[in-house]
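Structural overview for review
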Amino acid sequence: MVLELHVWGPAFSLPSIDAQCLATIAYFSLTVPKDSWVLVASSDPTVSPTQELPALKNGSTWVSRFRNIVDYLRQYSSGAWDLDRGLSVLNRADSVAFSSFVESHAQAFIDLSLYVTSQNYYNNTSPAYGAILQWPNQWILPPQLHTTAKTRTEPLGLSSLDLEATEEQRKRDHSADVAAGRIPQNFIRRPRETVSNLLGKTTRKHQFRLEALTGELFEPLEAMLDDKEYLLSGGGPSSLDCLAVGYLSLALVPDLPLPWLRDSMQRKAPRLSQYVERTRRELYGIVDVSDAFKSGAGSSLPWQAPERISIGSIGTSLLTSLADSTPILKEIRMNNRLRETAESSESGLSDVESKSLSAYASGQRKDTLLSVATVIGGVAALIGYMVHIGAISAPEPQQHQEHEEERGETPGPMNANQFLGLGGMNATA
């Protein structure tokens, strides 16, 4: 049976715009025979039950994320498709440690470079998603990924790389100063700063912090590579090499308006830069976005054209987007996804951790539903009380007529003169 590897589509001359997908493609290229798998640029996380890409489909079985897919391939092939089978115990330990290091540290810099840095996102990243996504996902998914990336990088304190947010904050601060009377009247009218000015201030402000943080990522890998052909040994690549190439390709390859991450990598880790460039060409070849949408294209990768999105999928995408934009529904959905992830056999959690996380998610869901019920009950009680004291009453359109009937003043039939208002004239005459 042919394995299907579903990934985010190509961008920046790379077979995917996502680091985990790039790492998985590299692993497949090194281990799985070309006639045993196909690469599908579905660019739609909903194709997988876990709502994640990359996702491997083998019949009715789905496996997502790089590490889980590597473990599945090892078991499926009885060890034949295991890049790490020849590693020593020490190298295996290094592989686990540095794999975790690359995934956690490199992802933050990719977020900062491709999503948080405004000029890079609006000029390159967002159009790249537009080229690989089908409607309506091309309008729904990029803003969600943009927001997620900004949330992940908030602890780094480099949010001012987002020039849009910086300008909004400047306007709020300026309005507060005006309202407090701290700015003289003749200085209230202030020209809007240009992107270039904001960029210059941002770059100067965070230059030293970026230098320190990028050094923490690139320098240990540069030292680890040393003069070897691959990170762990000169004998051949390992799963760590696949992860490193997947993540660092997105730091080195994209041609961006503000290539601060690529410049830092080339300056601080020249051997590592050469290693990534050489390895990614060997594993990915030359990639054209159009290859991903043509089965059997003349590419070094076994592309299979993704299926066109159905009407049902369009409706699901729109409803999902609406639900995620509604605070209460979003909270309920997040708790449900957390519980499903905790109970999944692919979560990598122990039984105790899985049960604890599942119980936490279920408790959060109950608390949210209880809060909703409390609010609804409070509103209903308030309306009932207002009706009871007469603050709210039903309209009585027949009230005036009923009073007249009680006084015996039931109006009789109206003749033509009364209808035309001529009754008084006839009486006078």
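An unreviewed UniProt entry lists the protein chain under the name Tom37 C-terminal domain-containing protein, with Aspergillus puulaauensis as the source organism. Turning to the protein chain, the UniProt record has this under Subcellular location (unreviewed entry): "Mitochondrion outer membrane".

What follows concerns the overall build of the protein chain. Along the backbone of the protein chain there are 16 helices and five strands. Looking at the protein chain residue by residue over its 429 residues, the buried ones come to 41%. Long-range pairs, those at least 24 residues apart, make up 68% of the contacts in the protein chain between residues at least 6 apart in sequence. If you sum the accessible surface of the protein chain, you get close to 23,600 Å²; carbon and sulfur atoms cover 56% of it.

The next point concerns the pairing of strand β3 (residues 55–58). Where strand β1 (residues 3–6) lies against β3, three bridges are found, and the strand directions are antiparallel. In the sheet register, E4 faces β3, and the bridge partner there is K57. In terms of strand pairing, β3 meets strand β4 (residues 61–64) through four bridges, oriented antiparallel. Pairing of K57 across the sheet is with W62, part of β4. Following β3, the chain reverses through two residues before pairing antiparallel with β4; G59 in that reversal takes a positive phi of roughly 70 degrees.

On to the nonpolar core, then. Across soluble globular proteins, you tend to see nonpolar side chains buried next to one another. One finds F28, L73, L272, Y275 and Y284 to be the most contacted residues of the largest nonpolar core, which totals 87 residues. Excluding its chain neighbours within four sequence positions, the residues that come into contact with F28 are L3, L5, W37, L56, I69 and L73.

This part takes up the environment of R209. Tracing the chain through its elements places R209 in helix α7 (residues 195–225). Sequence-wise, R209 and L156 are 53 residues apart; in three dimensions their C-alpha atoms are separated by 9.3 Å.

What counts, and at which threshold
For every chain, the first residue of the written sequence is number 1, and numbering continues from 1 onward in sequence order. Only residues with pLDDT of at least 70 are given local features in this predicted model, and only at 80 or more are side-chain atom pairs given and counted; all residues enter the totals for whole chains, interfaces and linings. Heavy atoms throughout the structure, all of them, feed into the side-chain values; hydrogens and water do not. UniProt positions are given in the numbering used here, feature names are shortened, and annotations may be inferred rather than shown by experiment. In DSSP terms, a helix is any run of H or I states spanning at least four residues, a strand is any run of E spanning at least two, and both are numbered starting from the N terminus. Here the term buried applies to any residue with accessible area under 20% of the maximum for its type, exposed to any over 50%, and partly exposed to those in between, with areas from a 1.4 Å probe on protein chains only. In what follows, a contact means two residues having at least one pair of non-hydrogen atoms within 4.5 Å. In this description, accessible areas are obtained by the Shrake-Rupley approach with a 1.4 Å probe, and a residue is regarded as covered only by the protein chains that are shown. Whether two strands pair depends on DSSP finding at least two bridges between them. The term nonpolar core refers to a set of buried residues drawn from Ala, Val, Leu, Ile, Met, Phe, Trp, Tyr and Cys, joined through side-chain atoms within 4.5 Å.

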